[in-house]
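Observations on the model geometry
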Amino acid sequence: MGVSIAADLTAGTFAGATSLVVGHPFDTIKVKLQSQPRPLPGYQPQYASALDAVRKTIAEGGVFSLFRGMGAPFATVAFYNAVLFAARGQMESMLAHPDGSPLSMSDQAIAGLGAGTVGALIACPTELIKCRIQAQAGSKASAAHIHAASLPAGLATLSQSGKGLASLTQAKGFSTLPLATATSGTTPGAIHLGDYTGSLQYKGPMDVMRQVMRSEGGVIGLYKGLVPTLLREVPGCAAMFAAYEAIKLGAAKQQGLSNANELGKGTLMVAGGAAGAVYWLTVYPADIIKSKLQTDSYRQPAYRGTLHCARQVCPHFFAVSAFESDAT
């Protein structure tokens, strides 16, 4: 039994690390799209689409900027997998049938609920650190026209210096940035972004943790966005584990197998991929709320909490608005 648990944990850790490396650039673009503020009428968003976000991210910080923020989840992938699957195992033991028959899909969903609840406690601070690093702008400035109303959340003031340069103070993402004054003929309200000498607010995962704990309420600050994290992890894990078992059972029946454990590796990979898709289709709206709250300014917050953020994101129809960035 111990060998089986160790093997599952090792396999899960390597699988999680591989998934993280492959998927992190996509996650970076997702967070950038989710965390950008909604532009005022008549203005363009900072990122018009996923491809636009990719282009601007690479232009600002190079290809490696797509991997920014990977340190925190990479460092905790083993611990997260250990806790998640240990919690799921405990739930499965509690739900085990006296006759030894396999757990039903509803049993697997309940086990996923328990696992997701525990997993969220680890995922929340990890996600906050990751999102803070991903959401801040690139490390190199690129000359571009940016609408003042479309700059990232947290930008506070624009003042004129004696040398004809504007100084932009941002509550998150940058320190003070010297910007070239808007040139004649540009769109009103647009700023010409020149070379800046300011530095990124966060230099790495440990720096995020240090700043949050110093300025945002200690350890509690790392759990900003816990409610939407729970709304993501709990139903997401329930849906994912139930879908995985359902797909395996369906595949085994179609192939005439008596046990889903007899399925080949290819079938299991397809089942895992499909279960992951079910996870994201179930929880993507909650993930948007989580990203917006975790990247929101601490001193000048745009959102008062989860419900307020949800209303701001989708004042009329939550489901349609929440999936907006996914469709781009």
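A look at the overall build of the protein
The number of helices and strands found in the protein is 10 helices and five strands. Looking at the protein as a whole, 43% of its 328 residues qualify as buried. Relative to all contacts within the protein whose residues are 6 or more apart in sequence, the contacts with residues 24 or more apart total 69%. Of the roughly 16900 Å² of accessible surface on the protein, 65% is carried by carbon and sulfur atoms.

With respect to the packing of helix α3 (residues 71-95) against helix α4 (residues 105-135)
Closest axis-to-axis distance for the α3/α4 pair is 8 Å, and the angle between their directions is 160°. It follows that α3 is roughly antiparallel to α4 by the angle criterion. The crossing of α3 and α4 is right-handed. A per-class count over the contact of α3 with α4 returns 16 nonpolar, six polar and four charged.

A look at the pattern of salt bridges
Per the counting criterion, the structure on display carries 15 salt bridges. The partner of R88 in a salt bridge is E245, with the nearest N and O atoms 3.5 Å apart. Of the two residues, R88 sits in helix α3 while E245 sits in helix α6 (residues 226-254), which places them 157 residues apart along the sequence. Comparing R88 with E245, the two get one shared label, buried. Between D207 and R210 there is a salt bridge whose closest N-O contact spans 2.9 Å. In this pair, D207 and R210 are both assigned in helix α5 (residues 205-215), three residues apart and thus about one turn of the helix distant. Judged by its relative accessible area of 47%, R210 falls in the partly exposed class. Here the residues in one salt-bridge network are D27, K30, E127, K130, R232, E233, D287 and K290, joined through shared partners.

Looking at α4
Taking 1.5 Å of rise per residue, the 31 residues of α4 would be expected to cover 45 Å, yet its terminal C-alpha atoms sit only 37 Å apart, more than 12% below that figure. A120 marks where α4 bends most, by close to 35°.

Thoughts on the nonpolar core
The biggest cluster of nonpolar side chains holds nine residues, and these are Y284, I288, I289, L293, Y303, C309, A310, V313 and C314. Elements with a minimum of two residues in this core: α7 (265-294) and α8 (306-313). If you tally residues by element for this core, the top one is α7, at four residues. Listed in part, the eight residues of the second largest apolar core include A72, L128, I129 and V208.

Considerations on the side chain of D27
Among the structural elements, D27 can be located in helix α1 (residues 2-35). Of the residues examined, D27 reaches a relative accessible area of 16% and is grouped as buried. Apart from the residues within four sequence positions on either side, D27 is in contact with K130 and Q134.

Describing the confidence of the model for the protein
The share of residues in the protein with pLDDT of 70 or more is 74%, and the mean pLDDT across the chain is 78. Between the elements of the protein, mean pLDDT differs from a low of 37, seen in strand β5 (residues 190-193), to a high of 95, seen in α5. Confidence over residues 138-198 falls short of pLDDT 50; this stretch has 133 contacts with residues more than four positions distant or in other chains. Every residue in residues 317-321 scores below 50 in pLDDT, and together they form five contacts with partners more than four places removed in sequence or on other chains.

Here's the deal with the packing of aromatic side chains
Within the structure shown, the criterion is met by three aromatic pairs. Considering the side-chain rings of Y279 and W280, the 5.2 Å spacing of their centres and the 85° angle between planes classify their relative orientation as edge-to-face. According to the relative accessible area criterion, W280 is partly exposed, its value standing at 34%. Aromatic side chains W280 and Y284 sit 6.5 Å apart centroid to centroid with 65° between the ring planes, which places their arrangement in the edge-to-face category. Taken as a pair, W280 and Y284 lie in helix α7 at a separation of four residues, close to a single helical turn. Through a chain of ring-to-ring contacts, three or more aromatic side chains come together here, namely Y279, W280 and Y284. A cation sits over an aromatic face here: R88 above F241, 4.2 Å from the ring centre.

Cut-offs and rules
- In this convention, every chain numbers its residues from 1, walking through the sequence in written order.
- Under the rules for a predicted model, residues below a pLDDT of 70 receive no local features and side-chain atom pairs below 80 are neither given nor counted, while totals for whole chains, interfaces and linings still include all residues.
- Excluding hydrogens and water, the side-chain figures rest on all heavy atoms present in the structure.
- The secondary structure listing takes helices from DSSP runs of H or I that are at least 4 residues long and strands from runs of E that are at least 2 residues long, numbered from the N terminus.
- Exposed residues in this analysis have more than 50% of their type's maximum accessible area, buried residues have under 20%, and partly exposed residues fall in between, with area computed by a 1.4 Å probe over protein chains only.
- Only heavy atoms enter the contact rule, under which two residues are in contact if any of them lie within 4.5 Å.
- Here the Shrake-Rupley method, with its probe set to 1.4 Å, supplies the accessible areas, and only the displayed protein chains count as covering residues.
- Angular values range over 0 to 180 degrees, each being the angle between N-to-C directions of two axes fitted as lines to C-alpha atoms, with helices fitted over their stretch in contact.
- The cut-offs work like this: below 35 degrees is roughly parallel, past 145 is roughly antiparallel, 65 to 115 is roughly perpendicular, and the gaps in between are oblique.
- Handedness of a crossing is defined here by the sense of rotation of the near helix relative to the far one, left-handed for an anticlockwise turn of less than a right angle and right-handed for a clockwise turn.
- Note on residue classes: Ala, Val, Leu, Ile, Met, Phe, Trp, Tyr, Cys and Pro are nonpolar, Asp, Glu, Lys and Arg are charged, and everything else, Gly too, is polar.
- Any carboxyl oxygen of Asp or Glu that lies within 4 Å of a side-chain nitrogen of Lys or Arg is treated as forming a salt bridge with it.
- The span you would expect from a helix comes to 1.5 Å times its residue count less one.
- Across the chain, bend at a residue is computed as the angle between axes fitted to the seven residues ending at that point and the seven starting from it.
- Nine residue types can take part in a nonpolar core, namely buried Ala, Val, Leu, Ile, Met, Phe, Trp, Tyr and Cys, and a core is a set of them joined through side-chain atoms within 4.5 Å.
- The predictor attaches a confidence to each residue, called pLDDT, with possible values from 0 through 100.
- For Phe, Tyr and Trp, where Trp contributes only its six-membered ring, two rings pair if their centres lie within 6.5 Å, and the inter-plane angle classes them as stacked under 30 degrees, edge-to-face over 60, or tilted in between.
- Think of it as a cone above the ring: NZ of Lys or CZ of Arg counts as a charge over the ring if it is within 6 Å of the ring centre and within 35 degrees of the ring normal.

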